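A look at the structure
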Amino acid sequence: MIDETAFDKDTVSIGSTVKFYDEEFDEELEYRIVGSTESDILKGLISNESPLGRALIGAKLGEVVEVEAAEGISRYKVLEISRKDG
């Protein structure tokens, strides 16, 4: 059993649901950060080992993170961090 009170609600961690702004596509997205075996992009679950997941882990509310991809660098601003079941 995980003690939810032990998590910093202002910092992204595994199990966090993160709403963020994609600067390149001018849209808001929301994903839950999960372990690699649970990831399913179609269900809004991204792996903590993916480039975006790695960039978001440890990010604070309001912080802008950068993800390097083949097309260049993408920037995402963390808008909301929450913890939801399921």
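Anything mentioned here points back to the structure above.
Residues numbered from 1 in each chain as written. Predicted model: local features only at pLDDT ≥ 70, side-chain atom pairs only at ≥ 80, totals over all residues. Heavy atoms only, no water.

Right, let's talk about unusual backbone geometry for a bit. A positive phi angle, close to 50°, is found at aspartate 26, a residue other than glycine. Along the chain, aspartate 26 turns up in the loop between β1 (16-22) and β2 (27-34). Given the relative accessible area of 56%, aspartate 26 is considered exposed. (Helix = DSSP H or I, 4+ residues; strand = E, 2+ residues; numbered from the N terminus. Buried < 20%, exposed > 50% of the residue type's maximum accessible area, 1.4 Å probe, protein only.)

In the structure shown here, the tally under the stated rule is two aromatic pairs. For the pair phenylalanine 20 and tyrosine 76, a centre-to-centre distance of 5.3 Å together with 85° between the ring planes defines the contact as edge-to-face. With phenylalanine 20 in strand β1 and tyrosine 76 in strand β5 (residues 72-83), this pair connects stretches of sequence that are 56 residues apart. The exposure class assigned to phenylalanine 20 is buried, which follows from its relative accessible area of 0%. Owing to a relative accessible area of 11%, tyrosine 76 belongs among the buried residues under this scheme. Here a set of aromatic residues connected by ring pairs shows up, and it is made of Phe20, Tyr31 and Tyr76. (Phe/Tyr/Trp six-rings, centres within 6.5 Å; stacked < 30°, edge-to-face > 60°.)

This part covers the pattern of salt bridges. Under the criterion given, the structure shown has two salt bridges. The salt bridge involving arginine 75 is made with glutamate 23; its shortest N-O contact spans 3.0 Å. Here arginine 75 is found in strand β5, whereas its partner glutamate 23 is found in the loop between β1 and β2, with 52 residues between them in sequence. One salt bridge in this structure joins arginine 75 and glutamate 66, with 2.8 Å as the shortest N-O distance. Each member of the salt-bridge network shares a partner with another, and the members are Glu23, Glu66 and Arg75. (Salt bridge = Lys/Arg side-chain N within 4 Å of Asp/Glu carboxyl O.)

Core analysis: the biggest nonpolar cluster contains 14 residues, and Val12, Val18, Phe20, Leu52 and Leu56 have the highest contact counts within it. The element contributing the most residues to this core is β5, with three residues. When residues no more than four places from it in sequence are discounted, the contact partners of valine 18 are Val12, Leu29, Glu30, Tyr31, Ile33, Leu56, Val78 and Glu80. (Core = buried A, V, L, I, M, F, W, Y, C linked by side-chain atoms within 4.5 Å. Contact = heavy atoms within 4.5 Å.)

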